Amino acid sequence: MHRKGAQDAKRSKIFNKLAREITVAAKGGLPDPAANPRLRAAILAARAQNMPRDRIDRAIKQGTPGGGDDANYEEVRYEGYGPGGVALIVEALTDNRNRTASEVRSAFTKYGGSLGETNSVSFMFSRVGAIYYPASAAAADAVFEEALEAGAEDVASDENGHEVTTTVENFAVVRDALEAKFGGAESARLTWKPLNTVAPSEDAAASLLKLLDVLEDNDDVQTVEGNFDISDELMQKLTA
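Everything quoted here is computed from the prediction, not taken from an experiment. (Residues numbered from 1 in each chain as written. Predicted model: local features only at pLDDT ≥ 70, side-chain atom pairs only at ≥ 80, totals over all residues. Heavy atoms only, no water.)

### Things to note about the overall build of the protein chain
Argument step 1. Looking only at helices and strands, one finds eight helices and eight strands in the protein chain.
Argument step 2. In terms of C-alpha radius of gyration, the protein chain reaches 19 Å, essentially the compact-globule figure of 18 Å for 240 residues.
Argument step 3. Reported as C-alpha extents along the three principal axes, the dimensions of the protein chain are approximately 50 × 45 × 45 Å.
Argument step 4. Burial status across the protein chain gives 39% buried among its 240 residues. (Helix = DSSP H or I, 4+ residues; strand = E, 2+ residues; numbered from the N terminus. Rg over C-alpha atoms; globule rule 2.2 N^0.38 Å. Buried < 20%, exposed > 50% of the residue type's maximum accessible area, 1.4 Å probe, protein only.)

### Observations regarding the nonpolar core
Argument step 1. Judged by nonpolar contacts, the single largest core of 21 residues is most densely connected at Tyr 78, Leu 88, Val 90, Phe 108, Leu 211 and Leu 215.
Argument step 2. Among the elements that take part in this core, helix H7 (residues 202-217) stands out by supplying six residues, more than any other.
Argument step 3. Excluding anything up to four places from it in sequence, Phe 108 contacts Gly 80, Tyr 81, Gly 82, Leu 88, Val 90, Gly 113, Ser 114, Leu 115, Leu 211 and Leu 215.
Argument step 4. Counting 15 residues, the second-largest nonpolar core is a separate cluster that includes Ile 131, Ala 152, Val 164 and Ala 188. (Core = buried A, V, L, I, M, F, W, Y, C linked by side-chain atoms within 4.5 Å. Contact = heavy atoms within 4.5 Å.)

### Re the UniProt feature "domain: TACO1/YebC-like second and third" (unreviewed entry) in the protein chain
Argument step 1. Those residues carrying the UniProt feature "domain: TACO1/YebC-like second and third" (unreviewed entry) are residues 73-228 in this numbering.
Argument step 2. Summarising residues 73-228: 34% helix, 33% strand, and an end-to-end C-alpha distance of 30 Å. (UniProt positions renumbered as here; feature names shortened; annotations may be inferred.)

### A word on the packing of H7 against helix H8 (residues 232-239)
Argument step 1. At their nearest, the axes of H7 and H8 sit 11 Å apart, and the two run at 60° to each other. Taken together, the axis directions place H7 and H8 in an arrangement best described as oblique. Relative to H8, the crossing made by H7 is right-handed. Seen from H7, the contacting residues are Glu 202, Ala 205, Ala 206 and Leu 209; seen from H8, they are Leu 234, Met 235, Lys 237, Leu 238 and Thr 239.
Argument step 2. Classifying every residue of the contact of H7 with H8 gives six nonpolar, one polar and two charged. (Axes fitted to C-alpha atoms, helices over the stretch in contact; angles between N-to-C directions. Parallel < 35°, antiparallel > 145°, perpendicular 65-115°, else oblique. Left-handed = near helix turned anticlockwise from the far one by under 90°. Nonpolar A, V, L, I, M, F, W, Y, C, P; charged D, E, K, R; others polar.)

Below is the structure:
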């Protein structure tokens, strides 16, 4: 019962974050996903998490004039170093910058990290579009050909699936071309891709995972990206 309760709480938090992104996307453009790329991406992300259709529709309605959501959410990015010198980028949607900044800074400090200024670590990353398909969606050659023809930068396929990387400018075009050919992606979003990775020690990795848990548990935090590389063996040991 306790385990199910914890899983339900985590699922609820994920839905809340997805709903906030949908609402903000709808506020920033038309409520029609066909004419609003950001809203379209947000809905795809929600569907990938099996978010109920009525919850998606309600979030869109809240973002339209008179929809009932009067909160003024701002997009904020925090950058800093976690345990072991790992560079982290935290993206948030908040209606209170002071509250969110305080909570993020507190988390970094508690687990041996330090929050820096904007652009203090983003130079270690590339801003790219990332589109993921399961291996069952299509053969590697088919995804490669379609993605490259649509303007993708790279395609990496293995037994788990296909990862298509695009420039920010070509993201929507490539995503739509792949969707027309193979159906909706498992996920499609803009992300921060590290140029190089850091392999933290076991102690640093343990603290880092705790920091990531706290950040991802924060209602305002939407995504956390880092340049860490923790081996599967160490990850299994730390999460056992």
